Amino acid sequence: IPVDPFVLVIFGGTGDLARRKILPALFRRFCDGQMEDNSAIIGAARSDLDTAAYRQMVREAIVEFGQEGGSCEAGTMEAFLETVHYVSIDARGETGWSELAGLLDKLPGEERVRAFYFSVGPSLFGDLAERLHCHGMAGSEARIVVEKPFGHDLGTAKALNKTLAQHFDESQIYRIDHYLGKETVQNLMAIRFANMLFEPLWNAQYIDHIQITVAETVGVAGREDYYDHAGAMRDMVQNHIMQLLCLIAMEPPAKFEPDAVRDEKLKVIRALEDVPAKDIVRGQYLESDDGSKPGFREHVQNPESTTESFIALKLHISNWRWAGTPFYLRTGKRLKSRTSEIAVVFKDAPHSIFGAEAGRHCNILTIVLQPNEGIELGVTIKEPGPGGMRLVDVPLDMTFSEALGPEAEFVPDAYERLIMDVIRGNQTLFMRGDEVEAAWAWTDPIIAEWGAREDTPVAYDSGSSGPVEALALMHRDGRRWREIR
Ligand code: BG6
């Protein structure tokens, strides 16, 4: 379904995120006929380029990062590039702002949705907002899109919210967490709230525990400085994993509408208990066995670094639904494989009529975010054959591409969905200011405690499942992590 004609200005238009994600996402939406050719994209950055040179950069970025899964006809690239413009701009000075305002005014055609993508570091958010305002571009119809990290802690997040609020209403601000744009993450809500099967069991009475794993094989190359100041807690847990946790744990919102959903997510974050030090394991990856990949400290060129590239923690949500059900979270770099999944582990049946020799069995609902997006439900059945009543666990596999045919094989990138939602004016999959602040309010004391104790992460092997201490975190509760496949 085509969206209304729009003009999207990308500040940081020559940057890594624009090249890898934003521009290829827009191109794929164009190929799919969702972006009309009277829409326009304006790259804005410091580099002294003209539109022709920028179009060439965009073309190269799409060839490098954007083609897979696309079904573009010949000539589509040229038509897409026609919609692309460039303005050289100084976020902190006056250069380029009148040109940008002039270009927006002179684009031919009717009214367009106007959106500004702040694909730059948060230290520039205030300058951009201020200048958009001064140059008359921050009208009540304008939308702004801001990237993570949204602050470094509660204080900086509050300051950012305050700065943006000087010129934009909350309804104009789209705080991106790209995990919310992932197809399976949205499916999580469909599974929970469009099926009668799961929701009645979705509570502490029937669920033993929930585990969320986001394992990556990459290290921190290219982002050493940022990462050494952030660590896995700030980079992944405070935002992406927190969002997954919210969607898993929230009460059913009355409607699939922005504030209804975000109100419920906020309640989850506010109900999170403090996490004692004994329930947290922090790790740093070591050099790879063959020596080809450096260890974390070498990577960030800081032999004293106490930043974690891995974290596992156990937490509790203090409310009626979840009291007593632990949530185990873990994420890390340089692990065995790129696997992200949420596993909802149900309790054992209260009594086995098949006797002790049949073993213990429980149902596990696994929501796989990557690599192969899908949902798997483990059920216990009788092992086929004449050998008596032996039980075996088998998966009911709902890998989307298998169940829904080749159409589902091409899963749109999260940015495609989210950028189109900005144009539609739908904030459901974006974080509200109070949500981000609440997430920091929970994260800050945990990080502060590490500082006070001078906590040092434990080492783990590159290509492993993380530190052994993380395994122990579950073992001591009589549980175990699922294999990182
Ligand atoms: C980013 C983090 O937000 O998400 C990165 O800053 C991380 O460190 C990335 O690698 C993971 O995203 P995805 O979509 O590849 O799981």
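All values derive from a computational prediction rather than experimental measurement.

As for a nonpolar patch on the surface
On the surface, Ile353, Phe354 and Met389 cluster together into a nonpolar patch covering about 310 Å² of accessible area. The topology assignment puts Ile353 in the loop between strand S11 (339-346) and strand S12 (364-370). Judged by its relative accessible area of 68%, Ile353 is exposed.

Overview of the domain arrangement of the protein chain
As far as domains go, the protein chain holds domain 1 (6-147) and domain 2 (180-405 + 431-475). For domain 1 and domain 2, the distance between their C-alpha centroids amounts to 35 Å.

A word on the packing of helix H1 (residues 16-31) against helix H12 (residues 414-424)
Packing of H1 against H12 brings their axes to within 8 Å, and their N-to-C directions diverge by 70 degrees. Judged on the interaxial angle alone, H12 and H1 are roughly perpendicular. Between H1, through Leu17, Lys21, Ile22, Ala25, Leu26, Arg28 and Arg29, and H12, the contact on the second element is made entirely by Tyr415, Glu416, Ile419 and Met420.

A few points about the site of the ligand
Taken together, Lys148, His178, Tyr179, Lys182, Glu216, Arg223, Asp235, Met236, His240, Lys333, Arg338 and Gln370 make up the full set of residues adjacent to the ligand. Within the side chain of Asp235, one N or O atom sits 2.6 Å away from an oxygen atom of the ligand. Between the ligand and His240 there is a distance of 2.6 Å, counted from an oxygen atom to a side-chain nitrogen or oxygen. Expressed as a share of its isolated accessible area of 400 Å², the protein-covered part of the ligand is 82%. At three residues, helix H8 (residues 224-249) tops the list of elements feeding residues into the shell around the ligand. Among the residues making up the shell around the ligand, the classes are represented as two nonpolar, three polar and seven charged.

Cut-off values and rules
- Residues numbered from 1 in each chain as written.
- Predicted model: local features only at pLDDT ≥ 70, side-chain atom pairs only at ≥ 80, totals over all residues.
- Heavy atoms only, no water.
- Patch = residues over 30% accessible without salt bridge, like charges linked within 9 Å, V, L, I, M, F, W, Y side chains within 5 Å.
- Areas by Shrake-Rupley, 256 points an atom, 1.4 Å probe, with all protein chains shown as cover.
- Salt bridge = Lys/Arg side-chain N within 4 Å of Asp/Glu carboxyl O.
- Helix = DSSP H or I, 4+ residues; strand = E, 2+ residues; numbered from the N terminus.
- Buried < 20%, exposed > 50% of the residue type's maximum accessible area, 1.4 Å probe, protein only.
- Domains from an automatic or database assignment.
- Axes fitted to C-alpha atoms, helices over the stretch in contact; angles between N-to-C directions.
- Parallel < 35°, antiparallel > 145°, perpendicular 65-115°, else oblique.
- Contact = heavy atoms within 4.5 Å.
- Near = heavy atom within 4 Å.
- Polar contact = N/O pair within 3.5 Å; in protein donor to acceptor, adjacent residues only side chain to side chain.
- Nonpolar A, V, L, I, M, F, W, Y, C, P; charged D, E, K, R; others polar.

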